[in-house]
Amino acid sequence: MTPFAPEPAHVVAAIASVAGPMAALHEPLFRGHEWEYVKECIDTGWVSTAGKFVDRFETMLVDYTGISHASAVVNGTAALHVCLMLAGIRQNDEVICQPLTFAATCAAIAYCGGLPHFVDVSPTTLGLCPDALETRLNETAEIVDGVCQNRLTRRRIGAVVCMHTYGHAVELDRLAALCARWHLPLIEDAAESLGSFYQGRHTGHWGVLSAVSFNGNKIVTTGGGGAVLTNDPYLARQAKHLTTTAKLPHRWEFEHDRVGYNYRLPNLNAALGCAQLEQLPNYVAAKRTLAQRYAEAFRDVANVSFFTEPSGCCSNYWLNVILLDHPDRSARDAILTATNDAGLMTRPAWQLMHRLAPYALAPHGDLKVAESLYDRLINIPSSVTLGESHG
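All values reported here derive from a predicted model rather than from experimental measurement. (Residues numbered from 1 in each chain as written. Predicted model: local features only at pLDDT ≥ 70, side-chain atom pairs only at ≥ 80, totals over all residues. Heavy atoms only, no water.)

Trainee: An account of the pairing of strand S6 (residues 157-163) is requested, with residue identities and associated values reported.
Mentor: Taking burial as the measure, the seven residues of S6 include seven buried ones, the bulk of the element. With three bridges connecting them, strand S2 (residues 94-97) and S6 associate as parallel partners. Residue pairing across strands places Val 95 opposite Ala 159, the latter belonging to S6. Relative to strand S7 (residues 186-189), S6 is paired through four bridges, and the arrangement is parallel. When the bridges of S7 are listed, Cys 162 appears paired with Glu 188. In this fold, the crossover linking S6 to S7 by way of helix H7 (residues 172-181) has right-handed handedness. (Buried < 20%, exposed > 50% of the residue type's maximum accessible area, 1.4 Å probe, protein only. Helix = DSSP H or I, 4+ residues; strand = E, 2+ residues; numbered from the N terminus. Pairing = 2+ DSSP bridges. Right-handed = clockwise from strand over helix to strand, strands pointing away.)

This is the structure:
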């Protein structure tokens, strides 16, 4: 370890002062109408993809985010897959995305036959960096007959996917402007950012489409679930059709006009989600309080800092982050060992996507920020209840 490595015992003490002596990374919280709504599904028999709670859940998402249309699906990966298909991604297209992300981002690109093209992240947002994107496009891209293509590989560049890492919004206005200039649809991987706002608007408003996740570890959960969000009514209709096996409406005939996907969210899961969304404002408030407490707890811990929301953002702080002042994987791992040994669940960043075997040959620019963050970043306990019961 370097002489600037944080003392693991001091990190353990700082986390414990906020989270208590033992804490999971992120636990769901069920203390609203979850059982009542789920029991109604069971009592009435409406447990599959038809039922009132699916429609209610989509309406609640629209009301909360201000985005015009929502289509509920079985998980966030399916939502992102649908976003990419509707954006026109096809075999051998390149899709620009960030290396610091969960594997589902790249998997969804691969489902379409596409190839990730990695661009570095910003140290202030942890998400796709507009400066790095502009540099990379200037280095490698050209517009031919209105289509953006990689002049080095001769492949079409079909879209840009930005991911709001740990709930912190990227610089959406700058990314959207770059995408418009280069004729590229912007897709927001908002899997982690339900409850996060950028310049006063919910994430998801800048992309042509966006994907949200309701996995068991997200700020609200449907058990497993996701949603496609868009302000485009045509894309919204296509999303609903595509995720309902592309079946044409009829009282009894089974006619499908394309290859569809059985991605529709079951009513049982949507019922859980409705009860969770009713509590979302309180959840966000509690998580922001938790972040404030962590920021104070780490103020005097040497050689490590607590990551706070970027300027112009109001983050849900889905997973809280501490950063070592200097890249040092051995120091990072010493902290991971000490905290987990103490019963405080912590985790490193996801393995960077360009280091995974399926994407080892994918094109990429200079990724020095992401590579530095991988050796510096640790997620610490972030459950909603921790923002309510300590301090």
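Trainee: Give me a nonpolar patch on the surface: which residues, what numbers.
Mentor: Taken together, Trp 35, Ile 42 and Val 47 make up a surface patch of nonpolar side chains, about 330 Å² in accessible area. Judged by its relative accessible area of 59%, Trp 35 falls in the exposed class. (Patch = residues over 30% accessible without salt bridge, like charges linked within 9 Å, V, L, I, M, F, W, Y side chains within 5 Å. Areas by Shrake-Rupley, 256 points an atom, 1.4 Å probe, with all protein chains shown as cover. Salt bridge = Lys/Arg side-chain N within 4 Å of Asp/Glu carboxyl O.)

Trainee: Tell me about helix H5 (residues 103-111), and please be specific about residues and values.
Mentor: Of the residues making up H5, those classed as buried are Ala 104, Thr 105, Cys 106, Ala 107, Ala 108 and Ile 109. For H5, the secondary structure elements touched by its buried residues are helix H4 (76-86), S2, strand S3 (115-118), S6 and S7. Just downstream of H5 lies Gly 113, where phi reads positive at about 85°. (Contact = heavy atoms within 4.5 Å.)

Trainee: An account of the nonpolar core is needed here, citing residue identities and associated values.
Mentor: Within the largest apolar cluster, 32 residues are counted, with the highest numbers of intra-cluster contacts made by Phe 57, Leu 61, Leu 194, Phe 214 and Leu 277. Within the residue set of this core, elements represented by two or more residues are helix H2 (34-44), helix H3 (52-65), strand S1 (69-73), strand S11 (226-230), helix H9 (267-277) and helix H10 (280-297). Setting aside anything within four residues of it in sequence, one finds Phe 57 in contact with Ala 72, Phe 214, Thr 222, Leu 265, Ala 270, Gly 273, Cys 274 and Leu 277. Listed in part, the 31 residues of the second largest apolar core include Ala 78, Ile 109, Cys 112 and Ala 159. (Core = buried A, V, L, I, M, F, W, Y, C linked by side-chain atoms within 4.5 Å.)

Trainee: Can you lay out unusual backbone geometry for me, pointing to particular residues and giving the numbers?
Mentor: Residue Asn 92 is not a glycine yet carries a positive backbone phi of 75°. Among the secondary structure elements, Asn 92 is positioned in the loop between H4 and S2. Residues other than glycine seldom take positive phi values, yet Asn 303 does so here, at roughly 70°. Counting through the fold element by element, Asn 303 comes out in the loop between H10 and strand S12 (304-306).

Trainee: Break down H3 for me, with residues and values.
Mentor: Count 3.6 residues to each turn of an α-helix, and residues three or four apart come out pointing the same way. Its 14 residues place the ends of H3 20 Å apart at the C-alpha level, agreeing with the 20 Å of an ideal helix rising 1.5 Å per residue. Among the residues making up H3, those that are buried are Phe 53, Val 54, Phe 57, Glu 58, Met 60, Leu 61 and Thr 65. One side of H3 holds all its buried residues, which, seen down the axis, span an arc of 160°. The inward-facing, buried residues of H3 abut H2, S1, strand S9 (201-202), S11, helix H8 (233-242) and H9. Backbone geometry just downstream of H3 places Gly 66 in the positive-phi region, at approximately 80°. (Expected span 1.5 Å × (residues − 1). Arc of directions from axis to C-beta.)

Trainee: Could you give an account of the pattern of salt bridges, naming the residues involved and the relevant values?
Mentor: All told, the structure shown has 18 salt bridges when counted by the stated rule. Two residues, Glu 388 and Arg 31, come together in a salt bridge whose shortest N-O distance is 2.5 Å. With Glu 388 in helix H13 (residues 386-389) and Arg 31 in the loop between helix H1 (8-19) and H2, this residue pair connects regions lying 357 residues apart in the sequence. According to the relative accessible area criterion, Arg 31 is exposed, its value standing at 52%. Here Asp 93 makes a salt bridge to Arg 156, at a shortest N to O gap of 2.6 Å. Here Asp 93 is found in the loop between H4 and S2, whereas its partner Arg 156 is found in the loop between strand S5 (147-150) and S6, with 63 residues between them in sequence.

The values are spatial; any link to function lies outside them.
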